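So you can see what is in the structure, the chains are spelled out below.
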Amino acid sequence: MPVKLLLDGAMGTQLQNLGLRPGETPELWNLTRPKDVRAVHEAYFAAGADAVYANTFGANAAKYHGDAPLEDVVAAGIGIAREAAKAAPCESRRLVALDIGPTGRLLKPSGDFEFDAAYDAFAAQVRAGAGADFIAIETMGDLYELKAAVLAARENSSLPVLATVALGEDGKLLTGASVECVAALLEGLRVDALGLNCGFGPDRMLEYVKRLAAATSLPIAVKPNAGLPQVVDGRTVFTVGPEAFASDVAALVEAGASLVGGCCGTTPAHIAAVKKAIPADASTVRPMPAERTVVTSGSRAVEIPENDTVIIGERINPTGKKKLREALSSGDVAYVLREAVSQADAGAHILDVNTGVPGIDEPAVLDATIQAVQSVTDLPLQIDTSDPKALERALRHYNGKALVNSVNGKEESLSAVLPLVAKYGGAVVALTLDESGIPPTADGRLAIAKKIVSRGAEYGLKPRDFVVDVLCLAVSAEAESANTILEALGRVKAELGCRTCLGVSNISFGLPARPLLNAAFYTMALARGLSAGIVNPLAADMMTAYRAFRALTARDLACGEWIDANKDWSPATAAVAVRASAQSRESASGESPLSDAIRHGLKADAAAAARSALAGGAKPLDVIGGGIVPALETVGKGFEAGRVFLPQLLMAAEAAGAAFDVVRAALPAQEKGSVKGPVVIATVKGDIHDIGKNICRALLENYGFKVIDLGRDVPPETVVAAARREKARLVGLSALMTTTVGAMAETVRLVHEELPGCKVTVGGAVLTADYAAKIGADNYSKDAMGLVRYAESLFAT
């Protein structure tokens, strides 16, 4: 594959070399120092770049705080880049990108920023940058914010869209998404190219470019840093030189990248070296990845496989469930969340969510329920509704790439559902029924499936985007029903190449001993290639059938899942059905209801469990020390080990906070003040990203620390004044932008100079332990749990 575009390098560090002060807003130079901005663009074009990113990275309404109108800043940035393009060498492609960076805010439910507000901020930026040749969305660390930016670009412009994300040291986004999650979402949203930027140098990117190449057929873009920043002779520098950078970028091209450039610390010399190292006719043979059906949450990708099977949990569907109907009608979201958590714990891979109760506002309830469920589980969801308005609202606000249930062969359904799936990038269940009903034969059902897939192609959908449900009818009403279903399953897979699903329990309707029939038929369907069973994962017979099939067909490696599920099996335990209550989880694991609720992020349940413990005679401090803190420790250790990701960590912290509020009200007066601290925290001057700082505040507070949060863009003098006033022993500083690490160094220096006994800990995506030491910080925390550990050790002395 030839290199399609040679992109430019860093803007911020180049402007720093021209005099940009620590904390100064780079985008304002579009109005105050346009010649300097143009000089940077011209230097990149002269180095051989085909495209430059306009100086608009932080010019969105959520992030920009200058006096000049935002629209003027963006328009000026595009205009400056366009002028530089006109003056560029003739051999250059001379393209201009509208550069869109993150808002610096964490979206709900993990943060406090609404998805629609993020969309509005990006949409205004897109409209203001209409003169660009393409849109470059970059440095995204949250899949949900990435989705908002892409939708804003698609709905407010007809320009091509390139989207790249910044990975952390663990190779995932800040909110836990893998590159496979990113690829599935962006392919579904139909961007024109995708890839990676920032985070680390080109050598570290190689592994993830290879994984992207295996996950997507789209062009892959890379803009690595010139390493990570270090302090040399008192100056912040990046240590990977042009030749070494170019050599590593050439390896990325061999791995599949076809749009290449540089990010933080790279210069025109780096881009010139890349151009020299990768000739214009350079080409690599990139095998296209296999067609895969993938759905995701905000942090987990699940493949609906061709030669294996997954479980779709069916319990969040009010059909035949009185308690769930009542919960949905009354707004009792806690009941729904317990159902979600129980199914996830039982082994489901995807959860169906249906809120179709007569008399409710289904678009509002479905939307709210899906967002609530996504706050307590990282499983992808199946959005189950027949209301197109409810479907569009839920799809728009869903974090990830959803499975839609469903479309059928009726014209009304095809014309309403398929455009939404194409727009928002879901996979969709295709029901084999039409205006004439459900055909009695496998031929008839296959014909409807072909019709649906064919119509989907008109919207750009592929066979991999469909999961065909050949519909399970009761054998009590039609003796040949099971045989017809099994024949149709096999033919859909062989003739259409689509994945399949079934609502298995319908087969036994009207007959006694239904669980036995269901489990037997489930095994038969699995043997015919069923890709996904819509089943109750709390039903022991169904889970036994699933695990036995996978163990007996070499799909369960070394029978590990079977062994783990049945290690305590005996004839006596075999007769005990799996139960869905929190009490069953407590008895199985020894975990208290309070710890269980906190670990799963169930705020209402955590508060209720704390009240119950106090009512049962437990002392307040015992509830804290024996329930709240151990649960947080479990989640925290999971986060540090990479088993728990940021959204789950934050929701557990919120649940712990809800429990702590209950306990605090019961504390004797003399014990209410027994908090640790205070700790003063701030995002340094010039940096308006407060995601990391807010995460630190939430965890510190839930570990019993008093936190003085000074906000973002905080001058060094303000930090010192607050620390002096509060008599703080610890100051925490955060910075995300390379242009603001100088302000961090100045703040560290001033705190130590003015308050000799005060310790300073620092963190942020652009920092390293070595850099922290060189600027004089007392501690470097790579994440929020690291800060908690340091604070605990400091205040224990």
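Keep in mind the model is a prediction, meaning the values are calculated, not measured.

### Let's talk about the overall build of the protein chain
Moving on, step 1. The helix and strand tally for the protein chain stands at 32 helices and 25 strands.
Moving on, step 2. Radius of gyration (C-alpha) of the protein chain: 28 Å, near the 28 Å computed for a compact globule of 797 residues.
Moving on, step 3. The principal-axis extents of the C-alpha atoms in the protein chain amount to approximately 80 × 75 × 50 Å.
Moving on, step 4. For the protein chain, buried positions account for 58% of its 797 residues.
Moving on, step 5. By sequence separation, contacts in the protein chain at least 24 residues apart represent 75% of the contacts at least 6 residues apart.

### A look at the pattern of salt bridges
Moving on, step 1. Applying the stated criterion across every chain yields a total of 44 salt bridges.
Moving on, step 2. A salt bridge links Arg38 to Glu42; its shortest N-O distance comes to 2.6 Å. You can see Arg38 and its partner Glu42 sitting in helix H3 (residues 34-47), 4 residues apart, about one turn around the helix.
Moving on, step 3. Between Glu458 and Arg455 there is a salt bridge whose closest N-O contact spans 3.5 Å.
Moving on, step 4. Look at the salt bridges and you will find they share partners, linking Asp443, Lys450, Glu487, Arg491 and Glu495 into a network.

### Re helix H32 (residues 784-795)
Moving on, step 1. Between its terminal C-alpha atoms H32 stretches 17 Å, which fits the 16 Å expected from 12 residues at 1.5 Å a residue.
Moving on, step 2. What H32 keeps buried is the set Ala784, Met785, Leu787, Val788, Tyr790, Ala791, Leu794 and Phe795.
Moving on, step 3. Taking the backbone nitrogen of Met785 as reference, a side-chain oxygen 3.2 Å away marks Asp783 as the first, capping residue of H32.

### So, the packing of aromatic side chains
Moving on, step 1. For the coordinates displayed, the defined rule picks out 4 aromatic pairs.
Moving on, step 2. Relative to Phe134, the ring of Tyr53 has its centre 6.5 Å away and its plane inclined at 80 degrees; by these criteria the two rings are edge-to-face. Pair noted here: Tyr53 is in strand S2 (residues 51-53) and Phe134 is in strand S4 (residues 134-140), with a separation of 81 residues, a long-range link.
Moving on, step 3. Judged by its relative accessible area of 5%, Tyr53 falls in the buried class.

### Examining the sheet that holds strand S19 (residues 499-503)
Pairing between the strands of a sheet is mediated by backbone hydrogen bonds and can be parallel or antiparallel.
Moving on, step 1. Strands sit in the order S13-S14-S15-S16-S17-S18-S19-S20 around a closed barrel of 8 strands; the barrel is parallel. For this sheet the average axis-to-axis angle between neighbouring strands, irrespective of direction, equals 30 degrees.
Moving on, step 2. Both strand S15 (residues 381-384) and strand S16 (residues 403-408) contribute to a ladder of 3 bridges, which runs parallel. Each bridged residue has a counterpart across the sheet, and for Asp384 the counterpart in S16 is Asn405.
Moving on, step 3. Contacts from helix H12 (residues 333-346) reach strand S13 (310-316) and strand S14 (350-353) within the one sheet, and its direction differs from that of S13 by about 155 degrees.
Moving on, step 4. Together, S13, S14 and S15 form the strand contacts of helix H13 (residues 362-374), whose direction differs from that of S15 by roughly 170 degrees.

### As for the environment of Thr523
Moving on, step 1. Considering the arrangement of structural elements, one finds Thr523 in helix H18 (residues 514-527).
Moving on, step 2. On a C-alpha basis, the gap between Thr523 and Met542 in space is 8.9 Å, while along the polypeptide they are 19 residues apart.
Moving on, step 3. Not counting chain neighbours up to four residues away, the residues in contact with Thr523 comprise Ala545 and Phe549.

### Some words on helix H25 (residues 620-640)
Moving on, step 1. The terminal C-alpha atoms of H25 lie 28 Å apart, and with 21 residues this matches the ideal 30 Å at 1.5 Å per residue to within 8%.
Moving on, step 2. Along H25, the sharpest kink reaches roughly 30 degrees, centred on Val629 and followed within four residues by the proline Pro630.
Moving on, step 3. Those residues of H25 lying buried are Pro620, Val623, Ile624, Gly627, Ile628, Ala631, Leu632, Glu633, Val635, Gly636, Gly638 and Phe639.
Moving on, step 4. Its buried side turned inward, H25 meets helix H23 (593-599), helix H24 (603-615), helix H26 (646-666), helix H28 (691-702) and H32.
Moving on, step 5. A positive backbone phi angle near 85 degrees is found at Gly642, which sits one or two residues after H25.

### Notes on the sheet that holds strand S10 (residues 257-260)
Moving on, step 1. Taken in spatial order, the 8 strands of this open sheet run S1-S10-S7-S6-S5-S4-S3-S2, and their pairing is parallel. The open sheet terminates on both sides in strands that have one partner only, identified here as strand S1 (5-6) and S2.
Moving on, step 2. Where strand S7 (residues 220-223) meets S10, 3 bridges bridge the pair, whose relative direction is parallel. Within S10, the position partnered with Val222 by the bridge is Val260.
Moving on, step 3. Along the sheet, helix H6 (residues 143-156) contacts S4 and strand S5 (161-165); its crossing angle with S4, the most-contacted strand, is approximately 170 degrees.

### Here's the deal with the domain arrangement of the protein chain
Moving on, step 1. For the protein chain, the assigned domains are domain 1 (5-277), domain 2 (294-558), domain 3 (573-670) and domain 4 (675-796).
Moving on, step 2. Each of domain 1 and domain 2 was reduced to a C-alpha centroid, and the two centroids are 38 Å apart.
Moving on, step 3. Counting residues at the interface gives 20 residues for domain 1, matched by 24 residues for domain 2.
Moving on, step 4. The largest per-residue losses of area from domain 1 upon contact with domain 2 belong to Tyr144, Lys147 and Arg190, which jointly make up 29% of the total buried on that side.
Moving on, step 5. The interface formed by domain 1 and domain 2 contains 3 salt bridges.

### Thoughts on the environment of Leu710
Moving on, step 1. Within the secondary structure, Leu710 is located in the loop between strand S22 (705-709) and helix H29 (716-726).
Moving on, step 2. A relative accessible area of 24% places Leu710 in the partly exposed class.
Moving on, step 3. Distance in space between the C-alpha atoms of Leu710 and Ser386 is 48 Å, their sequence separation being 324 residues.
Moving on, step 4. Residues within four places of Leu710 in sequence aside, it is in contact with Val680, Ile681, Ala682, Thr718, Val719 and Ala722.

### Thoughts on the pairing of strand S18 (residues 466-469)
Moving on, step 1. Of the two faces of S18, both are covered, the one formed by Phe466 and Val468 as well as the one formed by Val467 and Asp469.
Moving on, step 2. Alignment of strand S17 (residues 427-431) against S18, held across 4 bridges, turns out to be parallel. Across the sheet, Leu431 pairs through a bridge with Asp469, a residue of S18.
Moving on, step 3. The handedness of the S17 to S18 crossover, carried by helix H16 (residues 442-457), is right-handed.
Moving on, step 4. Where S18 and S19 come together, 3 bridges link them in parallel fashion. Residue pairing across strands places Val467 opposite Arg499, the latter belonging to S19.
Moving on, step 5. With respect to chirality, the unit in which S18 leads through helix H17 (residues 481-496) into the neighbouring parallel S19 is right-handed.

### Things to note about the packing of helix H8 (residues 202-215) against helix H9 (residues 242-255)
Moving on, step 1. The interhelical angle for the contact between H8 and H9, taken along N-to-C directions, is 10 degrees, at an axis separation of 9 Å. In terms of orientation, H8 lies roughly parallel with respect to H9. Facing Pro202, Asp203, Met205, Leu206, Val209, Lys210 and Ala213 of H8, the residues of H9 in contact are Phe245, Asp248, Val249, Ala251, Leu252 and Ala255.

Parameters and conventions
- Per chain, residue numbering runs from 1 following the sequence as it is written.
- Residues qualify for local features only when their pLDDT is at least 70, as the model is predicted, and side-chain atom pairs are given and counted only at 80 or more; totals for whole chains, interfaces and linings, by contrast, use all residues.
- Based on all heavy atoms of the structure, the side-chain values leave hydrogens and waters out of the count.
- For helices the rule is a DSSP run of H or I covering at least 4 residues; for strands it is a run of E covering at least 2, with both sets numbered from the N terminus onward.
- Radius of gyration: over C-alpha atoms. The globule rule applied is 2.2 Å multiplied by the number of residues raised to the 0.38 power.
- For the exposure calls, accessible area comes from a 1.4 Å probe over protein chains only, and a residue counts as buried if that area is under 20% of its type's maximum, exposed if over 50%, partly exposed in between.
- Contacts are residue-level and defined by heavy atoms, with any inter-residue pair within 4.5 Å sufficient.
- Whenever a carboxyl oxygen of Asp or Glu lies within 4 Å of a side-chain nitrogen of Lys or Arg, that contact is scored as a salt bridge.
- By definition here, a helix of n residues has an expected span of 1.5 Å times n minus one.
- Polar contact is defined as a pair of N or O atoms within 3.5 Å, subject to the rule that within protein one atom must be able to donate a hydrogen and the other to accept it, and that residues adjacent in sequence are counted only when both atoms are side-chain atoms.
- Here the aromatic set is Phe, Tyr and Trp, taking the six-membered ring for Trp, and pairing holds for ring centres within 6.5 Å; pairs whose planes are under 30 degrees apart are stacked, those over 60 apart are edge-to-face, and all others are tilted.
- Being paired, for any two strands, means DSSP has found at least two bridges between them.
- Where helices are involved, their axes are fitted lines through C-alpha atoms of the stretch in contact, as for all axes, and angles between N-to-C directions lie from 0 to 180°.
- Two axes enter the bend calculation: one fitted to the seven residues ending at the residue in question, the other to the seven starting there, and the bend is the angle between them.
- Per the annotation, domain bounds derive from an automatic or database assignment of domains.
- Buried area counts how much accessible surface, traced with a 1.4 Å probe, disappears from two parts once they are put together, with both parts' losses summed.
- Orient the strands so they point away from the viewer, and a crossover whose first-strand-to-second-strand path over the helix runs clockwise is right-handed.
- Roughly parallel covers angles under 35 degrees, roughly antiparallel covers those over 145, roughly perpendicular covers 65 to 115, and oblique covers all other angles.

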